[in-house]
Amino acid sequence: MREAHPIETAVGMEYYVSDTAGVGGQLRETDEDFRVREIEQFALEPLDTDPGSYPHLVVRATLRGWDTNDFAKRLSSKLAISRERVSWAGTKDKYAVTTQLFSLRKVIPDDLPEIRNADIEPLGRSGRALLFGDLAGNEFEIVVSDPERPENADEIADELREFAGFADGVGVPNFFGQQRFGSLRPITHEVGLHIVRGEWEDAVMAYVGNPFETEPEDTQTARERVEEVAPDWDAVLDALPRRLGFERSMAHRLVENGGNEPENFRDALESLPTNLQRLLVNAAQSYIFNRILSERLERGLPFDTPVAGDVVCFAEEVDGLLMPDMNREQKVTEKRVKTIERHCKRGRAFVTAPLVGTETELAEGEQGEIEREVLADLDLEPTDFNSPGEFHSTGTRRAILVRTDCTVVHDPLSFDFSLPSGSYATVFLREFMKTDPLDMG
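Conventions we followed
Residues numbered from 1 in each chain as written. Predicted model: local features only at pLDDT ≥ 70, side-chain atom pairs only at ≥ 80, totals over all residues. Heavy atoms only, no water. Helix = DSSP H or I, 4+ residues; strand = E, 2+ residues; numbered from the N terminus. Polar contact = N/O pair within 3.5 Å; in protein donor to acceptor, adjacent residues only side chain to side chain. Contact = heavy atoms within 4.5 Å. Core = buried A, V, L, I, M, F, W, Y, C linked by side-chain atoms within 4.5 Å. Buried < 20%, exposed > 50% of the residue type's maximum accessible area, 1.4 Å probe, protein only. Phe/Tyr/Trp six-rings, centres within 6.5 Å; stacked < 30°, edge-to-face > 60°. Lys NZ or Arg CZ within 6 Å of the ring centre and 35° of its normal.

**Student:** Would you explain the side chain of Glu431 in this entry?
**Tutor:** With respect to the helices, strands and loops of the structure, Glu431 is situated in helix α13 (residues 425–433). In this structure the side chain of Glu431 is engaged in a polar contact, spanning 2.7 Å, whose partner is the side chain of Ser18. Glu431 has contacts with Tyr15, Tyr16, Val17, Ser18, Ile156, Leu160, Val172 and Pro173, leaving out every residue within four places of it along the chain.

Below, the structure is given as structure tokens:
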């Protein structure tokens, strides 16, 4: 086990589980070097189905160099509809070729526009919008450019097979990746933690101010100016460049409200798109989850099999993949450890950790100690997630280990693999590369 890169430890990922030196290199020399395709699991009606009963048009879009939120904004603009009428199941990387589903409320196929670097194919209709998680997973084809030690890839794969306890595949801790927190400016979890604690002004300032050295120099300067002039929100607006649209939106709202009361700061945060509001609290949950996994690694507890007190979930089969079913959970007693261990070895059950929310029941035993200690260190309890509107979360659980078949190809060094919904390709590849996360995009 090796210590992780400092940027990773800042978001709770404190270790690599493989000891072999990484292959190095970088990702995304071109968009075509990083290909992602959703494994779809969304039921559709035919395109000619009555749009009154099935108001959502579902399309498959292949995008080159598009951030998902930016593409949704461009698509809604071209269609002259609200951005809130565009939904999708999973946010994808900008510097990639991605294929994914979108649902468009009250849109007909003939209205679909042409958009640069986007191929849009109408598939069918649905009675509801796509939601986050409405996909089984993603398939990846990824090239690593300029690796320094490509020959190490096979040895690392052997170590990851041992960690997975699974001869037919490799495994890594199911951390939330750098993208969850902001690759250049990992602050979404900081904002989310302030929100959960009800520290509304601190949350706004963590988002609008709070410069990072990895940002462009003029952006750093603007954020430094914000911290100097706040709470003069007219002056904050003058300091913020127009490209920082979300930051300016919050500052505008504070100017309109004309006060620095806690409810005004909360209202400013609620000016953000609803999916981004949810993401802020999700990032706080993700950071807590990463901290819990790192502490489990530190203590030497297994990831592929349970110990007494763990909470496991059982598997469901989706398109040939065994996926965690969080609706089928069970606490592991001393008497049941061996039985559940056999299920885990066969891929029929998964050890979990919490994405903490109001309905979270923490584990028992040593895993429960870890969860309680991490929350205490952050001055949080599950009941603190009872925040208003989109900031509220009941919580769920998540598998702590992600397993996959992986084909390693040399010359050029590339990796073909599939991951379940919510797991990160960069988290998988970090074990092989062990490089600066910024080189992983």
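That shown, we press on.
**Student:** What is the right way to read the nonpolar core from this model?
**Tutor:** A general feature of soluble globular proteins is that nonpolar side chains tend to end up buried together. Core analysis: the largest hydrophobic core is formed by 97 residues, its most contacted members being Val191, Ile195, Val204, Leu269, Ile288, Phe417 and Leu429. For this core, the element with the highest residue contribution is helix α10 (residues 274–299), accounting for 11 residues. Here Leu269 is in contact with Val191, Ile195, Trp200, Ala203, Val204, Met250, Gln277 and Phe391, once residues within four sequence places are set aside. Grouped together as the second largest cluster of nonpolar side chains are 18 residues, Val59, Trp66, Phe102 and Ile115 included.

**Student:** Looking at this structure, I do not really get the environment of Leu297. What am I missing?
**Tutor:** Locating Leu297 in the fold gives a position in helix α10. In contact with Leu297, not counting residues within four places along its chain, are Met1, Tyr15, Val17, Phe163, Pro173, Phe175 and Phe303.

**Student:** Could you clarify how one ought to interpret the packing of aromatic side chains in this entry?
**Tutor:** Centre distance and the angle of the planes are the two values used to describe a pair of aromatic rings. Applying the stated rule across the entire model yields 14 aromatic pairs. Measuring from ring centre to ring centre gives 5.7 Å for Trp200 and Phe391, while their planes differ by 50°; the resulting arrangement is tilted. One end of the pair, Trp200, is in helix α5 (residues 200–208); the other, Phe391, is in the loop between α12 (365–377) and β14 (396–399), and 191 residues separate them in sequence. This pair shows no difference in class: Trp200 is buried, exactly as Phe391 is. An aromatic cluster of at least three residues, connected via ring pairs, comprises Phe34, Phe140, Phe415, Phe417, Phe428 and Phe432. It is Arg398 that lies over the ring of Phe176; its NZ or CZ is 3.8 Å from the centre.

None of this, on its own, says anything about what the molecule does.
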